[in-house]
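# Examining the three-dimensional arrangement
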Amino acid sequence: SMSQKTVVLVHGWGGSFASTWQEPGVTDIVSESGFHVTGIDLLGHGTADKPHEPAAYADLAGYLLSHLPEEPVIAVGFSLGALTLARAAVRSPERFIGLCFAGIGDGVFEPHKPEETERILAGLEGRADPSDNVARLFGQYGNREGNDPAALAALLRRAPSDEITSAGLATLTQPSLVAIGDKDFAFPSEKFSSSMPSSTLKILPRTDHFATPNSFSFIDALVQWLEENFS
C-alpha cells in the first residue's frame, strides 16, 4: 500500500489554493492517487493576509517555508509559486522529497526586468495598451472575484528576490518535474530543467501559461511522475 506522502500545492500570482487547485479538481485527482494533499496560500492571496505595502512581500520563500508541514513534502508550484518554491528549496532542500515546477522557464536566469513588472501592473490597474495581450490576461486574472488587486500590485512592486542560479539548482538532487506549455510566454525550460540532477522536463502541447495548472496534460504528467517516484 502507498504511504500517505504529503503533496503541497502552491498557486501563482493572482491564484489561490481554492481557485487554482481545488475548484478544477486537481486536489481530488492527486488524492485519488494515494497522496495526502494540502495547499498554501502565499501572502497577498486566498486566505492569507493581504498587506498593501511592497516591503511586506520581501521574502516570499521564507513565508512558504514557514507554512510548510514539518515533515518533508513533495511540493508543486505554478508560476510565482514555482519561482518561490525554487528559492525555498535551494535555501532548505531538506524540506522537500520532490519538486514540481509548472509555468516557469529559462527566463528565471535573466535579471529582473522592471518593464515586465510595469506591463503587468498596467494590466492589473486597467491602463495597459489594449493590444498587449499578456498585460490584459494578467489584468483579468488579478481582478477575479476574491482577489485584492492592491495587494497583488504591492507584491509586484517588492524589491527583486534572490537570484535563481544553475549552481543553486544543481544542489537539488530530489526528483523534480518541470512542466511548461509550448504556448507559455515562459517557454522554453531546457536550461532550467537540466540544471537539476534528477529532473524530468515535460512540454505540454497547445498549453498557454494560465491554462497550465488545470490542463489534462499537466495533471497527467504530475500524477505519472508522483506514481513513478513516490508510491
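Above this text sits the structure in question.
None of these values were measured; they are calculated from a predicted model. (Residues numbered from 1 in each chain as written. Predicted model: local features only at pLDDT ≥ 70, side-chain atom pairs only at ≥ 80, totals over all residues. Heavy atoms only, no water.)

### Here's the deal with the overall build of the chain
When its secondary structure is counted, the chain shows 10 helices and six strands. Taken over the C-alpha trace, the chain has a radius of gyration of 17 Å; the compact-globule value for 231 residues is 17 Å, and the two agree within 12%. The principal-axis extent of the C-alpha atoms belonging to the chain is close to 55 × 35 × 35 Å. Burial statistics for the chain: of 231 residues in total, 52% are counted as buried. Considering only contacts in the chain between residues 6 or more positions apart, those separated by 24 or more positions represent 70%. Taking the average place of the 16 positive charges on the side chains of the chain and the average place of its 29 negative ones, the gap between the two points comes to 4 Å. (Helix = DSSP H or I, 4+ residues; strand = E, 2+ residues; numbered from the N terminus. Rg over C-alpha atoms; globule rule 2.2 N^0.38 Å. Buried < 20%, exposed > 50% of the residue type's maximum accessible area, 1.4 Å probe, protein only. Contact = heavy atoms within 4.5 Å. Lys, Arg positive; Asp, Glu negative; His and termini not counted. Charge placed at Lys NZ, Arg CZ, Asp CG, Glu CD.)

### Some remarks on the nonpolar core
Ranked by internal contacts, the top residues of the largest apolar core, which has 68 residues, are W13, F96, F101, F218 and L226. In terms of residues, this core owes the most to one element, helix α10 (residues 216-230), which gives seven residues. If sequence neighbours within four positions are ignored, F96 has contacts with L65, L68, P72, V73, A75, L85, A88, A89 and Q174. (Core = buried A, V, L, I, M, F, W, Y, C linked by side-chain atoms within 4.5 Å.)

### Here's the deal with the packing of aromatic side chains
Enumeration over the complete set of coordinates arrives at seven aromatic pairs. Judged by centre distance (5.2 Å) and plane angle (75 degrees), the rings of W225 and F230 are edge-to-face. The positively charged end of R144 is found above the aromatic ring belonging to Y141, 4.0 Å away from the centroid. (Phe/Tyr/Trp six-rings, centres within 6.5 Å; stacked < 30°, edge-to-face > 60°. Lys NZ or Arg CZ within 6 Å of the ring centre and 35° of its normal.)

### Describing helix α6 (residues 133-142)
Those residues of α6 lying buried are A135, F138, G139, Y141 and G142. Along the long axis of α6, the arc covered by the buried residues comes to 165 degrees, so they all point the same way. Against α1 (17-22), β3 (73-78), α5 (114-124) and α7 (149-156) lie the buried residues of α6. (Arc of directions from axis to C-beta.)

### Description of the pairing of β3
Of all six residues that make up β3, six are buried, and the element is covered over most of its length. Taking every second residue as pointing to the same face, both faces of β3 are buried, with V73, A75 and G77 on one and I74, V76 and F78 on the other. When strand β1 (residues 6-10) meets β3, the two strands line up parallel, connected through four bridges. For L9, the partnering residue across the bridge sits in β3 and is V76. Taken together, β3, helix α4 (residues 80-91) and strand β4 (residues 96-102) form a β-α-β motif whose crossover is right-handed. (Pairing = 2+ DSSP bridges. Right-handed = clockwise from strand over helix to strand, strands pointing away.)

### Notes on the packing of α5 against α6
Here α5 crosses α6 at 55 degrees, and the two axes come no closer than 7 Å. The orientation of α5 with respect to α6, classified from their angle, is oblique. Relative to α6, the crossing made by α5 is right-handed. Contact with α5, carried on its side by R119, I120, G123 and L124, involves V134, A135, F138, G139 and G142 of α6 and no other residues of that element. Looking at the contact of α5 with α6 residue by residue, the class counts come to five nonpolar, three polar and one charged. (Axes fitted to C-alpha atoms, helices over the stretch in contact; angles between N-to-C directions. Parallel < 35°, antiparallel > 145°, perpendicular 65-115°, else oblique. Left-handed = near helix turned anticlockwise from the far one by under 90°. Nonpolar A, V, L, I, M, F, W, Y, C, P; charged D, E, K, R; others polar.)

### Some points on the sheet that holds β4
Two modes of strand pairing occur in sheets, parallel and antiparallel, and in both the strands are linked by backbone hydrogen bonds. Across the sheet, which stays open at both edges, the six strands sit in the order β2-β1-β3-β4-β5-β6 with parallel pairing between neighbours. The open sheet is flanked by β2 (36-40) and β6 (199-204), the only strands paired with a single partner. This sheet shows a mean twist of 20 degrees between the axes of neighbouring strands, independent of strand direction. Here β4 runs beside strand β5 (residues 176-181); their pairing, made up of four bridges, is parallel. When the sheet's bridge partners are listed, A102 is paired in β5 with A179. Here α10 sits on the sheet in contact with β1, β3, β4, β5 and β6, set at roughly 165 degrees to β4.

### What to know about the layout of surface pockets
Roughly 1200 Å³ of volume is contained in the largest pocket. Forming the boundary of the largest pocket are 36 residues, of which L83, G107, H112, K113 and E116 lie nearest the centre. Those elements that provide at least two residues to the lining of the largest pocket are α4, α5, α6 and α7. Of the residues belonging to the lining of the largest pocket, the class tally is 19 nonpolar, eight polar and nine charged. (1 Å grid on protein atoms, 1.4 Å probe; cavity = no way out; pocket = protein on both sides within 12 Å on 5 of 7 lines; lining within 4 Å. Points joined across faces, edges and corners; volume = space filled by probe spheres on them.)

### A word on the pairing of β1
Most of β1 is tucked away, with five of its five residues classed as buried. Residues T6, V8 and V10 line one face of β1 and the alternating positions V7 and L9 line the opposite face, and both faces are buried. Relative to β2, β1 runs parallel, the two being bridged by five bridges. Bridging across to β2, L9 finds its partner in G39.

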